[in-house]
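Notes for the structure review
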Amino acid sequence: MVLNYIWIAFFLITFVIALIRLIFFGDVEVFPEIVKATFDFAKSGFEISLGLTGVLTLWLGLMKIGEKGGMVSTLSRLISPLFNRLFPTLPKNHPAFGTMIMNLSANMLGLDNAATPMGLKAMEQLQEENQKKDTATNAQIMFLVLNTSGLTIIPVSVMVYRAQFGAANPADIFLPILLATFFSTIVGLLSVSYVQKIKLNNPIVIAYLGGMTLFVIGLIWGLSQLDKEQIKLVSNVGSNLILFSIMILFIVMAAIKKINVYDAFVEGAKEGFQIAIKIIPFLVAILVAIGVFRTVGAMDYLTDGIKYAVSALGLDTRFVDALPTALMKPLSGSGARGMMLELFDNPNFGVDSFAAKIASTVQGATDTTFYIVAVYFGSVGIKNTRHAIGCGLLADFAGIIAAIVIGYLFFG
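Residues numbered from 1 in each chain as written. Predicted model: local features only at pLDDT ≥ 70, side-chain atom pairs only at ≥ 80, totals over all residues. Heavy atoms only, no water.

Observations regarding the overall build of the protein chain
- What the protein chain contains, in helices and strands, is 18 helices and 0 strands.
- Relative to the 2.2 N^0.38 estimate, which gives 22 Å for 412 residues, the radius of gyration of the protein chain is 22 Å and therefore close to what a compact globule would have.
- By its C-alpha atoms, the protein chain is 70 × 50 × 40 Å across when sized along the principal axes.
- Considering the protein chain as a whole, with its 412 residues, one finds that 52% of them fall into the buried category.
- Counting contacts in the protein chain only where the partners sit at least 6 residues apart, residues at least 24 apart contribute 77% of the total.
- Approximately 18500 Å² of the protein chain is accessible, and the part contributed by carbon and sulfur atoms is 68%.
- Within the protein chain, one finds 28 positive and 26 negative side-chain charges whose respective centroids are separated by 11 Å. (Helix = DSSP H or I, 4+ residues; strand = E, 2+ residues; numbered from the N terminus. Rg over C-alpha atoms; globule rule 2.2 N^0.38 Å. Buried < 20%, exposed > 50% of the residue type's maximum accessible area, 1.4 Å probe, protein only. Contact = heavy atoms within 4.5 Å. Areas by Shrake-Rupley, 256 points an atom, 1.4 Å probe, with all protein chains shown as cover. Lys, Arg positive; Asp, Glu negative; His and termini not counted. Charge placed at Lys NZ, Arg CZ, Asp CG, Glu CD.)

Listed below in structure tokens is the structure:
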């Protein structure tokens, strides 16, 4: 229901602003632009779904090999002590545990294309335990919020964009992104645990989360000893080496168990094609709503209002120029990326400006909550999202605040 109200609000706000522009400012182009945006973004939604077809087919084929070869069940057993407590409604060693950890690991490595198919597969596995098929379960919400919080260890894409625009040090946003996304994930986990009354003061939970925290701190320290070129090399080579090694491990384990690897791949690949078709209407719906909202200038009015309020309080307004990226990120990943690149290319700012670095940190530290909700829940026919959007947006908000505060510490 929350997504329903938000979707309606996008169109109503767009209509009101467009009427004001037409009646009071004589803008006769506003409605033609909005209608054109509906067609353009509907086309984009279809093209994105079409583009996902190949990736979904590949990765769900590989996941089927992993399932039959036993790799997914091995991962499930490794993570089950923690996940049994975060997902108490699921049976022990549930097959979704392994798929979820693969999805979260791909997100950590900044490999979005690999993460989405595994996330959709995990949501499908979780849906098998759902007694009320149109309503999100606690387990599905916990997984989705952990996904949308976007814990990223190696933000390859953001560093590549910064390098393309000639940043003096493309990797200088590495540590800020890592810290900001860590706070986002912790807030997401705590918020869902609070709503679902999950107790985190458990020795096993503390051990796992403490170990992950020490790992992040150790990784930060290790990479801080490298220069910018070495960090870029390690990020690019390391993430893709790990990804391809996982693919080989899946295939080898299945071959050792004398599984027909090719047939297993084809069986899983068929599922990928079916999922890609199912998500088209959900993706078109959310992108068209976001598109008209952007086209009418509602996002610009919102950021201008924030800048005025911040200035009235006597605070530094430099971070406000990065807010279009921050506000757009939960709605549209490509929209947020476009706003970040617009700052990079703007002669008044540039890639090494304070605002551009804050925007880069936000881009790497948060995820597209509404996109993920629409695609992941839409793929299994869930309409009642319950507290998923609220907790997801709270994690996004924490990531944005952390990005701004950390940005002032690193770049201010």
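Quick look at the environment of Phe 46
- Residue placement: Phe 46 occurs in helix α2 (residues 30–69).
- Overall, Phe 46 belongs to the partly exposed group, its relative accessible area being 40%.

Examining the pattern of salt bridges
- Tallying each qualifying case throughout the model produces 11 salt bridges.
- Ionic pairing is found between Lys 64 and Glu 267, a salt bridge with its closest N-O pair at 4.0 Å. Remark: Glu 267 occurs in helix α11 (residues 261–278) and Lys 64 occurs in helix α2; sequence separation between them is 203 residues.
- The class of Lys 64 is buried, set by a relative accessible area of 10%.
- Under the relative-accessibility criterion, Glu 267 is labelled partly exposed at 36%.
- Linking Arg 162 and Asp 352 is a salt bridge whose minimum nitrogen-to-oxygen distance equals 3.4 Å. (Salt bridge = Lys/Arg side-chain N within 4 Å of Asp/Glu carboxyl O.)

Observations concerning α11
- The end-to-end C-alpha distance of α11, which contains 18 residues, comes to 26 Å, matching closely the 26 Å that a straight helix rising 1.5 Å per residue would cover.
- Of all the residues in α11, the buried ones are Val 261, Ala 264, Gly 268, Ala 269, Glu 271, Gly 272, Ile 275 and Ala 276. Seen from one end, α11 has its buried residues packed into an arc of 160°, which puts them on one side. For α11, exposure combined with an orientation more than 90 degrees from the buried face picks out Tyr 262 and Lys 270. (Expected span 1.5 Å × (residues − 1). Arc of directions from axis to C-beta.)

What to know about the packing of aromatic side chains
- Under the criterion given, the structure shown has 10 aromatic pairs.
- Between Phe 165 and Phe 344, the aromatic rings sit 5.5 Å apart at their centres with planes inclined by 65°, giving edge-to-face as the arrangement. Taken together, the residues Phe 165 in the loop between α7 (156–164) and α8 (174–195) and Phe 344 in helix α15 (residues 333–345) connect sequence positions 179 residues apart.
- Residue classification places Phe 165 among the partly exposed residues on the basis of a relative accessible area of 32%.
- With centroids separated by 6.2 Å and ring planes inclined at 50°, the aromatic side chains of Phe 410 and Phe 411 adopt a geometry described as tilted.
- A relative accessible area of 41% places Phe 410 in the partly exposed class.
- An aromatic cluster is defined as three or more aromatic residues linked by ring pairs; in this entry it consists of Phe 83, Phe 87 and Phe 97. (Phe/Tyr/Trp six-rings, centres within 6.5 Å; stacked < 30°, edge-to-face > 60°.)

A look at the environment of Lys 307
- Structurally, Lys 307 is set in helix α13 (residues 298–312).
- Distance from Lys 307 to Asp 321, taken between C-alpha atoms, is 8.3 Å for residues 14 residues apart in sequence.
- Not counting residues within four places of it along the chain, the set of residues in contact with Lys 307 comprises Thr 317, Val 320 and Asp 321.

Notes on a negative patch on the surface
- On the surface, a cluster of negative charge is made up of Asp 300, Asp 304, Glu 342 and Asp 345.
- Elements that contribute at least two residues to the negative patch include exactly α13 and α15.
- Within the secondary structure layout, Glu 342 lies in helix α15.
- On the basis of relative accessible area, Glu 342 is assigned to the exposed category, the value being 56%. (Patch = residues over 30% accessible without salt bridge, like charges linked within 9 Å, V, L, I, M, F, W, Y side chains within 5 Å.)

A closer look at the environment of Ser 73
- For Ser 73, the position within the fold is in helix α3 (residues 71–86).
- As for Ser 73 and Phe 215, which are separated by 142 residues in sequence, their C-alpha atoms are 24 Å apart.

Thoughts on unusual backbone geometry
- Residues other than glycine seldom take positive phi values, yet Lys 197 does so here, at roughly 60°.
- If you check the backbone angles, Lys 258 has positive phi at about 60° while not being a glycine.
- Within the secondary structure layout, Lys 258 lies in the loop between α10 (228–256) and α11.

Overview of the confidence of the model for the protein chain
- Overall, the predicted model of the protein chain reaches an average pLDDT of 84, with 93% of residues at or above 70.
- No element of the protein chain has a lower mean pLDDT than α7, which averages 75, and none a higher one than helix α6 (residues 138–148), which averages 92. (pLDDT = per-residue confidence, 0-100.)

Quick notes on the nonpolar core
- By size, the foremost hydrophobic cluster in this structure holds 81 residues, and its most contacted members are Phe 83, Phe 87, Met 100, Phe 143, Leu 144, Tyr 376 and Phe 377.
- Considering every element that reaches this core, the biggest residue donor is α2, with 9 residues.
- Once residues lying within four places of it in the same chain are set aside, the contact partners of Met 100 are Phe 83, Phe 87, Ala 122, Leu 126 and Phe 143.
- Judged by nonpolar contacts, the second largest core, of 33 residues, contains Phe 174, Val 351, Ala 356 and Ile 358. (Core = buried A, V, L, I, M, F, W, Y, C linked by side-chain atoms within 4.5 Å.)

Observations concerning the packing of α8 against helix α16 (residues 354–365)
- At their nearest, the axes of α8 and α16 sit 8 Å apart, and the two run at 45° to each other. Taken as axis vectors, α8 and α16 run oblique relative to one another. As α8 packs across α16, the resulting crossing turns out to be right-handed. Of the residues in α16, those touching α8 at Pro 176, Ile 177, Ala 180, Thr 181 and Ser 184 are Ser 360, Thr 361, Gly 364 and Ala 365.
- Residue classes in the contact of α8 with α16 are distributed as 4 nonpolar, 5 polar and no charged. (Axes fitted to C-alpha atoms, helices over the stretch in contact; angles between N-to-C directions. Parallel < 35°, antiparallel > 145°, perpendicular 65-115°, else oblique. Left-handed = near helix turned anticlockwise from the far one by under 90°. Nonpolar A, V, L, I, M, F, W, Y, C, P; charged D, E, K, R; others polar.)

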